[in-house]
Amino acid sequence: MTSQQHLRTFLEPFLSTSTANALLTTAQAKQLHCQLLRRHGHLPVPAVLLSWKLLIRSYTSHDLFSVSLSCFVQMRRFVEHFNHFVFPSVVKSCAWWMDVGLGECVHGCVVKVGLEGDLYVGNALLSMYSKFGVLCGGGARQSNNASVGMDAELGLRRHVAHVVREKSGAISPSAEEGGRSDESNASLGLNSYEVGRSGKERKIVRSIGTSWFMKRERGNVVGNSVRKIFDVMPARDLVSWNTVIAGNVQSGMYDEALVMVRKMGLENIRPDAFTLSSMLPMCAEYADVVKAKEVHGYAVRHGIHDNVVIGSSLIDVYAKCTRIQDFFSVFNGLPRRDGITWNSMIAACVQNGLSNEGFEFFRCMVKDNLKPGPLSFSSIIPACSHLTSLIFGKQLHGYIVRTGLRDNVFIASSLVDMYAKCGKIEIAKSIFSNMKQHDLVSWTAIIMGCALHGQALDALKLFNEMEVSGVRPSYVSFIAILTACSHSGLVEEARKYYDRMIQEFGITPGVEHYAAMADLLGRAGRLEEAYDFICKMPAEPPGSLWSALLNACRIHKNVELAEKVSDRILAVDPENIGAYIIMSNIYSGARQYKEAATMRVSLRKRGFTKKPACSWIEVRNKLYSFFSGDKSHQSYEKISKALKVLYAQMEKIGYKPDTNEVFQDIEEEQKKELLLNHSERLAIGFGIISTPPGTTIRVIKNIRICMDCHTAIKYMCSIVAREIVIRDNSRFHHFKNGACSCGDYW
DNA sequence: CTAGGGTTAG
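Since the model is a prediction, treat every value here as computed from it, not as a measurement. (Residues numbered from 1 in each chain as written. Chains lettered and ligands numbered in written order. Predicted model: local features only at pLDDT ≥ 70, side-chain atom pairs only at ≥ 80, totals over all residues. Heavy atoms only, no water.)

## What about the overall build of chain A?
When its secondary structure is counted, chain A shows 39 helices and 6 strands. The 746 residues of chain A split such that 51% are buried. Here chain A has roughly 34900 Å² of accessible surface; of this, 53% comes from carbon and sulfur atoms. (Helix = DSSP H or I, 4+ residues; strand = E, 2+ residues; numbered from the N terminus. Buried < 20%, exposed > 50% of the residue type's maximum accessible area, 1.4 Å probe, protein only. Areas by Shrake-Rupley, 256 points an atom, 1.4 Å probe, with all protein chains shown as cover.)

## Regarding the pairing of strand 4 (residues 724-727)
Regular strands place their side chains on alternate faces of the sheet. Across 4 bridges, strand 3 (residues 697-701) lies against strand 4 in parallel orientation. Bridging from a neighbouring strand, Val699 pairs with Ile726 of strand 4. As paired strands, strand 4 and strand 5 (residues 732-736) are joined by 4 bridges and run antiparallel to one another. Its bridge partner lying in strand 5, Ile724 is registered against Phe735. What sits between the antiparallel neighbours strand 4 and strand 5 is a turn of 4 residues. (Pairing = 2+ DSSP bridges.)

## Considering helix 4 (residues 65-78)
Helix length check: helix 4, at 14 residues, gives a terminal C-alpha distance of 20 Å against a target of 20 Å (1.5 Å per residue), a fit within 8%. Of all the 14 residues making up helix 4, 12 are buried; the element is thus mostly covered by neighbouring parts of the structure. Residues Phe65, Ser66, Val67, Ser68, Leu69, Ser70, Cys71, Phe72, Val73, Gln74, Met75 and Arg76 constitute the buried set of helix 4. (Expected span 1.5 Å × (residues − 1).)

## Quick look at helix 31 (residues 527-535)
Leu527, Ala530, Tyr531, Phe533 and Ile534 are the residues of helix 31 that are buried. Burial along helix 31 is one-sided: seen end-on, the buried residues are contained in an arc of 160°. Buried residues in helix 31 make contact with helix 29 (491-503), helix 30 (511-523), helix 32 (543-555) and helix 33 (559-572). (Arc of directions from axis to C-beta. Contact = heavy atoms within 4.5 Å.)

## A look at the pattern of salt bridges
Counted under the stated rule, the structure contains 24 salt bridges. Salt-bridge contacts for Asp407 lead to Lys436; the nearest nitrogen and oxygen are separated by 2.9 Å. Note that Asp407 is positioned in the loop between helix 23 (390-402) and helix 24 (409-421) and Lys436 in the loop between helix 25 (425-434) and helix 26 (440-452), a separation of 29 residues in sequence. One salt bridge connects Arg606 with Glu575, and the closest N-O pair in it is separated by 3.9 Å. Of this pair, Arg606 sits in the loop between helix 35 (593-605) and strand 1 (614-619) while Glu575 sits in the loop between helix 33 and helix 34 (577-589), placing them 31 residues apart in sequence. Among the residues examined, Arg606 registers a relative accessible area of 41% and is labelled partly exposed. (Salt bridge = Lys/Arg side-chain N within 4 Å of Asp/Glu carboxyl O.)

## Examining the nonpolar core
Formed by 170 residues in total, the largest nonpolar core has its most connected members in Phe72 and Phe87. With near-sequence residues (within four places) excluded, Phe72 lies in contact with Ile56, Phe82, Val86, Phe87, Val90, Val106 and Cys109. Formed by 31 residues, the second largest nonpolar core is a distinct cluster that contains Tyr647, Ile688, Cys709 and Met716. (Core = buried A, V, L, I, M, F, W, Y, C linked by side-chain atoms within 4.5 Å.)

## Regarding the sheet that holds strand 1
The sheet built from 6 strands is open, its strands ordered 2-1-3-4-5-6 with mixed pairing. At either end of the open sheet lies a strand with only one pairing partner, and these are strand 2 (622-627) and strand 6 (739-740). Lying on the sheet, helix 38 (residues 679-690) is in contact with strand 1, strand 2, strand 3 and strand 4; it crosses strand 1 at an angle near 15°. (Axes fitted to C-alpha atoms, helices over the stretch in contact; angles between N-to-C directions.)

## Here's the deal with the protein's contact with DNA strand B
Residues in contact with DNA strand B amount to 50 residues; listed here are only the nearest, Asn123, Lys320, Asn343, Lys421 and Thr483. Within 4 Å of the protein, the contacting atoms of DNA strand B are drawn from sugar and phosphate to the extent of 46%. The side chain of Ser312 places a nitrogen or oxygen atom 2.6 Å from a base nitrogen of DNA strand B. At 2.8 Å, a side-chain N or O of Asn408 approaches a base nitrogen of DNA strand B. The biggest single contributor to the surface near DNA strand B is helix 20 (residues 339-351), with 7 residues. (Near = heavy atom within 4 Å. Polar contact = N/O pair within 3.5 Å; in protein donor to acceptor, adjacent residues only side chain to side chain.)

## Focus on the side chain of Asp272
Within the secondary structure, Asp272 is located in the loop between helix 15 (254-266) and helix 16 (273-285). There is no salt bridge for the buried Asp272, and the closest opposite charge comes from Arg270, which lies 11 Å off by N-O distance. In this structure the side chain of Asp272 is engaged in a polar contact, spanning 3.0 Å, whose partner is the side chain of Asn242. Excluding residues that lie within four positions of it along the chain, Asp272 makes contacts with Leu238, Asn242 and Ile304. (Lys, Arg positive; Asp, Glu negative; His and termini not counted.)

This is the structure:
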């Protein structure tokens, strides 16, 4: 038999078609692997070479990177000279393990065999060192000494541990073959694994390192390696360019990436789908619509706009640029969708406030027989927070626990936020404390949760713990802690944090920080101070900032300052409806009914009408909404009757309606009537008559609850012996035993 | 041998 025939006979069972680019299934590979080891000495060299190559490539393409690597090691025990086609796969496996030491060994081997000029091998090495660059700190490019200087032996041991884990998980060759697992392990040569025999290859890399690309000072190891390999490559193709560009993007070196794209054009190499899909995330990060449109246009002109990867990236960029129309049309134009496309779409909707659409896409994804992954969950849960839909949130939480995803930091953080926003601060806290690792976002989420629930002391404690644990507070963390102080009137604490933010952390305060401070000072009655504080803002303060102060003027009945403030609001934002309404209310509160009327008239002239306040409540998984004074509600009669009985009892124990906050020039009796029909009372009334005793009643109100309602609810809950949780647009109020968690701090 | 998506924001 000739060696060609021999080769055919041996490989026949494993290959259905041509041998050139074929890949084996995992099972086939395992079989071939065992036979190869058994009959190695009896096979002709070409058959052996082809088999090893086939095995290594197949293992790699099935993500069995460790098996692929140990295969390489085994091969080197038997074969002196080998085909260069094995290297790309081997290098890819090293990259996947982020094993720098191992990668260097293999690189040394490449050099020793004299294959460093090969295009494919070179591209694979480029890609590998790019990935290591991300490991070494990306843009900062700090050296990760543990990995860079890692001993080959250490890499080896770590590797073997990985192999064992990989084997016990995804694949089980012994089970598929019905063989014994011991033998299978032995046949895979796991116990005799060694790459850099006597460290020889490593030395080669080291010695060429100084002159070639291995400058390891200042941690520039990887950036330089990639650069150098690229520069000295005898031949470069589109893949080489794409790899380097992607590497730059992933390390946050956007300018370098753009320069490369331009250079590439100068060398007459046309960007393709891979190039574009590396460029789009840059546009996304800078929310640069102009550049995104440019790339999109290029894709259309070159007929690659319906590529799934480009499609997903385009959806993402347009989402980050709040171009809702654009990302919908990209999505609708895609001929094919994969898991990532759906995730991008879910995230795109949720990030742009389209929570219901987000849910719709989530459901479509499941209907499309795609399993939602960790990214799907961390994208959709914020939609529950936004809709305050505890029921959806709980369902998702259950699913997450069942799929074993609860330890994902992204998901856990979004769950913490969701439970806090849905009024379940205790659950939020317990999820938080059960997290194995806390990062900046999860700390911030729980601090914000405490802030929303008026638990300022817990917020302060957590902020301190965060600092102790070495997490550096960010812009957002300070918004959270200032909000916490603001909701509990901790003026001095807030000032302390505000100053620390600027001096210690070098964070420039933004509108949100000013707003929190202004709100705090205003509520504490230090109106002039708040006014001065806002005036100190370097840029022209936006209307929203003044609105907080205007609201404080209303609470503290300071007409004079209110006029000053509203003038400033209308100067920057003449369309600010809220300002007219609050002003009108402030005037009527001061019995200046003429001025109040003027305000309302100018509102009407502009064609604005006041939207009635709305509250909603979830009962038995259904959402009910109530408008103030809406007598047409299906249950209005029943609710009204129940509330009347309740009010009678409340008055007996001391409730007196306080009509001060009814800002209309009408009779006292009418004022009382209006108060009694506030939307949250209707909602609570509905909650009382439609849920069993002992149930907590949760109501969301879209505007701030007034003082009289606050007082009334305290009486209510003490009579019906229920817990009542209300969220108005800034915070949660927990009513229990006739008291409120906010301590009546306004 | 090269590519895309996620959490916190009074």
